[in-house]
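# Structure assessment
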Amino acid sequence: MVLVSSHGEKDEAESVVDFRGNPADKSKTGGWLAAGLILGTELSERICAMGISMNLVTYLVGEMHLSSAKSATIVTNFMGTLNLLGLLGGFLADAKLGRYLTVAIFASITALGVTLLTLATSIPSMRPPQCDDYRKQHHQCIEANGRQLAMLYAALYTIALGGGGIKSNVSGFGSDQFDVSDPKEEKAMIFFFNRFYFAISIGSLFSVIVLVYVQDNVGRGWGYGVAAGTMVIAVVVLLIGTRWYRFKKPRGSPLTVIWRVLLLAWKKRNHPYPSHPGFLNEYQNAKVPHTEKFKCLDKAAILDKDASTSEKQNSSWIVSTVTQVEEVKLVLKLIPIWSTCILFWTVYSQMTTFTVEQATFMNREIGSFVVPSGSLSAFLFITILLFTSLNEKLFVPLARILTNSIQGMTSLQRVGIGLVFSVLAMVVSAIIEQQRREMAVQKHIRISAFWLVPQFFLVGAGEAFVYVGQLEFFIREAPERMKSMSTGLFLSAISMGMFVSSLLVSIVDKVTNKHWLRSNLNKGKLNNFYWLLAVLGVLNFAVFLVFAMKHQYKTQHHVKGEKELKSLSDEKVEDEEKNWIAEGKMEL
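Below is a short write-up of the structure. In this text the structure is predicted, and so the values were computed from the model without any measurement. (Residues numbered from 1 in each chain as written. Predicted model: local features only at pLDDT ≥ 70, side-chain atom pairs only at ≥ 80, totals over all residues. Heavy atoms only, no water.)

On to the overall build of the protein, then. Counting secondary structure elements, the protein contains 22 helices and four strands. Counting every position in the protein, which comprises 588 residues, the buried fraction comes to 52%. If you sum the accessible surface of the protein, you get close to 26300 Å²; carbon and sulfur atoms cover 62% of it. (Helix = DSSP H or I, 4+ residues; strand = E, 2+ residues; numbered from the N terminus. Buried < 20%, exposed > 50% of the residue type's maximum accessible area, 1.4 Å probe, protein only. Areas by Shrake-Rupley, 256 points an atom, 1.4 Å probe, with all protein chains shown as cover.)

Running from N to C, helix 14 (residues 322–349) and helix 18 (residues 453–476) cross one another at 155 degrees; their axes reach a closest spacing of 11 Å. As far as their axial angle goes, helix 18 and helix 14 are roughly antiparallel. Read as a crossing pair, helix 14 and helix 18 show a hand that is left-handed. Where helix 14 approaches helix 18, its residues Leu 334, Ile 337, Trp 338, Cys 341, Phe 344, Trp 345, Val 347 and Tyr 348 are matched on the opposing element by Val 459, Gly 462, Glu 463, Val 466, Tyr 467, Gln 470, Phe 473 and Phe 474. Looking at the contact of helix 14 with helix 18, its residues break down into 13 nonpolar, two polar and one charged. (Axes fitted to C-alpha atoms, helices over the stretch in contact; angles between N-to-C directions. Parallel < 35°, antiparallel > 145°, perpendicular 65-115°, else oblique. Left-handed = near helix turned anticlockwise from the far one by under 90°. Contact = heavy atoms within 4.5 Å. Nonpolar A, V, L, I, M, F, W, Y, C, P; charged D, E, K, R; others polar.)

Let's shift gears to the nonpolar core. Here is a general trend for soluble globular proteins: nonpolar side chains tend to be buried in one another's company. If you look at the biggest cluster of nonpolar residues, it comprises 126 residues, and the most contacted ones within it are Leu 60, Tyr 245 and Tyr 467. Top contributing element to this core by residue count: helix 18, with 13 residues. In terms of nonpolar packing, the next biggest core, distinct from the first, is built from 18 residues, Val 261, Leu 264, Ala 286 and Ile 302 among them. (Core = buried A, V, L, I, M, F, W, Y, C linked by side-chain atoms within 4.5 Å.)

Enumeration over the complete set of coordinates arrives at nine salt bridges. Here Glu 326 makes a salt bridge to Lys 329, at a shortest N to O gap of 3.0 Å. With a gap of three residues between them, Glu 326 and Lys 329 both fall in helix 14, about one helical turn apart. Look at the salt bridges and you will find they share partners, linking Arg 99, Asp 176 and Lys 248 into a network. (Salt bridge = Lys/Arg side-chain N within 4 Å of Asp/Glu carboxyl O.)

None of the figures reported here should be taken as evidence of function without further support.
What follows is the structure in structure tokens.
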């Protein structure tokens, strides 16, 4: 028995080229220089996305005169669509364009979208007439018309399209700059995911502190204009670094491979399994080790009478190869972990909704200065930055000493730690909200809004572990040809978390007859909603543990080596072929 065969690694190394298409020279390409230039694109994308989403509701309500509910729905749909479109961007990169070209194209689309948004918020005719305080109080303001909203929607969904293409590919393209077969570069790639998320958090913090201030105090158009400028600069920097990148060629549509394997496995569902997997199509040349999990899919690689000739063996619509079957198995193995990560993002979404709403009912004064409710989310991003740094400087080195592993913590261990933080965050949130409400109702005292910092801290710490762990898991565990699409799958978990939050709020609102969640939090029971999320978090963590303990990492598959295959005697092979001929599954 041996560990993963070298076929996959060798093939992967041979597929790495420079911008001229020649085999990449490791001394001149890749590494931190190339990865750093790539990180700039994601940094700018996050500045644009967060700079828009964190303060867009105030613009829609205050300037476009839309209702709070409609405004919130527009923002939620924008962010959800942005993450869902990661699947499209990942598919295009894996199937045809490659990660570099996809990032460059979609970054340009994002720059165009933010420029459109800058114009939509700067041109007076793109806004309804201003409304005085009297008409606002009596809901007599004129709402934005269809033409005005059309340009706004066009800008937002252009940004969502571009952002989805960037987010699903930039992390994979960055990790391509490191050779996992080189221990030194593998160690660097582990830190890459931390630094990748550090860049994201820096962009988010800049948006919350700087762009929100510019939008509110200088001008909405100026704020979005700064975001558009950073995106244009990021595209230029990405293109300038072309000569230093390592490229991996796309290997065809991953969805086609998945569909073919599933279809052939169904068509051959009545065929008996061969006595040894070595009889499966292209077993000895497989680039991914054969596994017993999801064994029913092995039938797609059975050489029956329809695939008896060498020409038909090369037809993917008649018989799959072991490599193709195993790639589909790898994708299916991601789904259980994906499903248990959704609830974390449901918890996370509370930090930008109910937690901000809590702040409006609390004392936010520092001397004569009143802290904006939305600005308290800065503590979330500061915590993320703190724990991302601690991961690299403290937690990972300590874990390496304890585990004697170069990786230190596995990706699923990171996710598990983050899920625990999310449960603790909801417990703390419930306790603080109960105390806030009691003080407000019984003693008419508004407690300090800084009591919300612990829940921001816990969710931020959890995100630092979950985001990095999930990202690393979905990139490293996915088949090479499907890495970008796998990243899109990870982003869809974030999107699903937001949609689940909306669904959960609607269900709770209906079941409790709107007694828990009210516009006036002092008359509601938001703490009960937080307790509900805590209980769901515990149940979700238990399910996650089951899936995580059963998961077998790609680099830990045990497979049969060529010597064991050769131990199959010629007589056994002949007997097997005779049985298949007798059953009509193979022709002479």
